[in-house]
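Residues per chain, in single letters:
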Amino acid sequence: MISNIAELIADRIGAMPAGERRAAQTLIANYPMIGLKTVAEFSSAAGVSSPTILRFVARLGFQNYPEFQSSLQDELAAQLQSPAIRTLNPPSPNGGTVSPMLEATLDNMRETFRHLSDRQLADIATRLAERRGKTFLIGGRFTDPLARYMAAHLTVIQPDVFHLAGQESMWRDRLIDMGKRDVLVIFDIRRYQGSLLRFAEKAHQRGVQIVLFTDQWLSPIARFARHVIAGRTAVPSAWDSSAALFVVAETLIGAVTRQLEADGARRIREMEGLR
C-alpha cells in the first residue's frame, strides 16, 4: 500500500534538519494546498529557502517538485470524493463481499499503526491522563460515536471528561469553560465538517490543546492541532471506514488507564459502590 505524503512526513520528520522540518510542519498545517503553490511561495510560507523545499521534497522520495505536486493533486481529488461518487465508481472486488472489505480494513489498521510512533501515542496518553485540566471530545456526523465511546471510557477513570453533543450553538457555549489547561479531542474525516473547523479555531484561540483524529488526507483542523493522528479510512465501499481510528482510540484508552492505574482503580471501586 502506497504511503501518502502526510504519512511519509510522519515517518521521516525525525531525521529532517530544522529547515526541512519547518517545511514539513508548514505543509501539514496547510495540507495540501501550500504544496500546490510554487516553490517560492512554499518557501516564503515556511520561512526557509527554495533549495530547502527541494531537499525536503527529495527526502520524501520524489524526483522533482512537479512529481511531488502531482501526488498532492491525486490526494486532493481523493479527499474531495463524496459517497455518491464512490457509489457511481465502485472498486472492483476480487471476489465475494466480505473478503475485500475485511482485507482493506485490516490493511488500514496495519498502515495506520505503521505510521504512528510509540512516542506520539505516549505523548497523547500522558496529556489525556493529566489532571490539571478538562478533556472535551467531539466528532462529526459519522465520527461522533467514536468521540462518545472514548469519552464514556475516560469518564470512568477520571473526572472532568465531557462529550460535546447536540447543535453547534451548544458547542460554542462550552467554549467559555475551555482554556490553556484543557484538551479537545476531535474526530473529523472526509468530507470535513465546517462546523468542527470553526469550533476548533475558536478553541485554539483560547489556548486549548487539540488532538485530531482524521484520515490520511488530513482535515483542515490539522493547522490548529497539537497532535494529529492520521488513520487510513478508504475501503471498497461508498462509505469510509473508521475502524482504524476506533482501534487507535481504544489503544489510547488502554494507555491512559495504565497511567491512571491507582486513581482509576479507586474511582472504579467507588463508582461500583454507588450502583
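Residues numbered from 1 in each chain as written. Predicted model: local features only at pLDDT ≥ 70, side-chain atom pairs only at ≥ 80, totals over all residues. Heavy atoms only, no water.

1. Structural notes on the overall build of the protein
Check the secondary structure of the protein and you find 13 helices and five strands. In summary, the protein has a C-alpha radius of gyration of 20 Å against a globular reference of 19 Å for 275 residues, a match within 12%. Taken along its principal axes, the extent of the C-alpha atoms in the protein is 65 × 50 × 35 Å. A separation threshold of at least 6 residues defines the contact pool for the protein, and within that pool the share at least 24 residues apart is 72%. (Helix = DSSP H or I, 4+ residues; strand = E, 2+ residues; numbered from the N terminus. Rg over C-alpha atoms; globule rule 2.2 N^0.38 Å. Contact = heavy atoms within 4.5 Å.)

2. Describing helix α5 (residues 65–79)
For α5, built from 15 residues, the straight-helix expectation of 21 Å at 1.5 Å per residue is met to within 8% by its first-to-last C-alpha distance of 21 Å. All of the buried residues in α5 are Y65, F68, Q69, L72, E75, L76, A78 and Q79. Of the surrounding elements, those touching the buried residues of α5 are α1 (5–12), α2 (18–29), α3 (39–46) and α4 (50–59). One side-chain oxygen of the residue at the start of α5 lies 2.8 Å from the amide nitrogen of E67, identifying that residue as N64. (Expected span 1.5 Å × (residues − 1). Buried < 20%, exposed > 50% of the residue type's maximum accessible area, 1.4 Å probe, protein only. Polar contact = N/O pair within 3.5 Å; in protein donor to acceptor, adjacent residues only side chain to side chain.)

3. Remarks on the packing of aromatic side chains
A complete count under the given rule lists eight aromatic pairs for this structure. Joined through ring pairs, the aromatic side chains of F62, Y65 and F68 make up one cluster. For the cation-ring pair, R174 lies above F162, with the distance from its terminal atom to the ring centre recorded as 5.1 Å. (Phe/Tyr/Trp six-rings, centres within 6.5 Å; stacked < 30°, edge-to-face > 60°. Lys NZ or Arg CZ within 6 Å of the ring centre and 35° of its normal.)

4. Digging into the packing of helix α9 (residues 144–157) against helix α13 (residues 261–273)
Viewed as axis vectors pointing N to C, α9 and α13 meet at an angle of 90 degrees, and their least axial separation amounts to 7 Å. Judged by the angle between their axes, α9 and α13 are roughly perpendicular. Here α9 contributes T155, V156 and I157 to the contact with α13, which in turn contributes G264, R267, I268 and M271. Tallied by class, the residues present in the contact of α9 with α13 amount to four nonpolar, two polar and one charged. (Axes fitted to C-alpha atoms, helices over the stretch in contact; angles between N-to-C directions. Parallel < 35°, antiparallel > 145°, perpendicular 65-115°, else oblique. Nonpolar A, V, L, I, M, F, W, Y, C, P; charged D, E, K, R; others polar.)

5. Concerning the pairing of strand β1 (residues 135–139)
Counting buried positions along β1 gives five out of five residues, so the element sits mostly inside the fold. Residues T135, L137 and G139 line one face of β1 and the alternating positions F136 and I138 line the opposite face, and both faces are buried. What joins β1 to strand β2 (residues 161–163) is α9, and the crossover it makes is right-handed. Bridge analysis of β1 against strand β3 (residues 183–187) gives five bridges, and the strand direction is parallel. Within β3, the residue paired with G139 across the bridge is F187. (Right-handed = clockwise from strand over helix to strand, strands pointing away. Pairing = 2+ DSSP bridges.)

6. Focus: the confidence of the model for the protein
Interpretation of the predicted coordinates at a detailed level should be avoided for regions scoring low in pLDDT. Confidence in the prediction for the protein averages 90 pLDDT; 93% of positions are at 70 or higher. Mean pLDDT in the protein bottoms out at helix α6 (residues 83–88), which sits at 57, and peaks at β3, which reaches 98. (pLDDT = per-residue confidence, 0-100.)

7. Some remarks on unusual backbone geometry
Cis geometry is found at the peptide bond from Y31 to P32, where omega equals -10 degrees. One can find P32 in the loop between α2 and α3. Cis geometry marks the peptide bond from R190 to R191; its omega dihedral reads -5 degrees. Relative to the assigned elements, R191 resides in the loop between β3 and α11 (194–205). A positive phi angle, near 60 degrees, is found at D160, a position not held by glycine. As for its position among the elements, D160 is in the loop between α9 and β2. A positive phi is found at L218, a non-glycine position, where the angle reads about 70 degrees. Structurally, the position occupied by L218 is in the loop between β4 (209–215) and β5 (227–231).

8. Points about the UniProt feature "domain: HTH rpiR-type" (unreviewed entry) in the protein
Per the UniProt entry, the sites bearing "domain: HTH rpiR-type" (unreviewed entry) are residues 3–79 in this numbering. Helix makes up 69% of residues 3–79 and strand makes up 0%, while its end C-alpha atoms are separated by 15 Å. (UniProt positions renumbered as here; feature names shortened; annotations may be inferred.)

9. Overview of the pattern of salt bridges
In the structure shown here, the tally under the stated rule is 13 salt bridges. Linking E130 and R127 is a salt bridge whose minimum nitrogen-to-oxygen distance equals 2.9 Å. With a relative accessible area of 29%, E130 lands in the partly exposed category. Where salt bridges share partners, they join R127, E130 and R132 into one cluster. (Salt bridge = Lys/Arg side-chain N within 4 Å of Asp/Glu carboxyl O.)

10. Looking at the side chain of T143
With respect to the secondary-structure elements, T143 resides in the loop between β1 and α9. Setting aside anything within four residues of it in sequence, one finds T143 in contact with F187, D188, I189 and S242.

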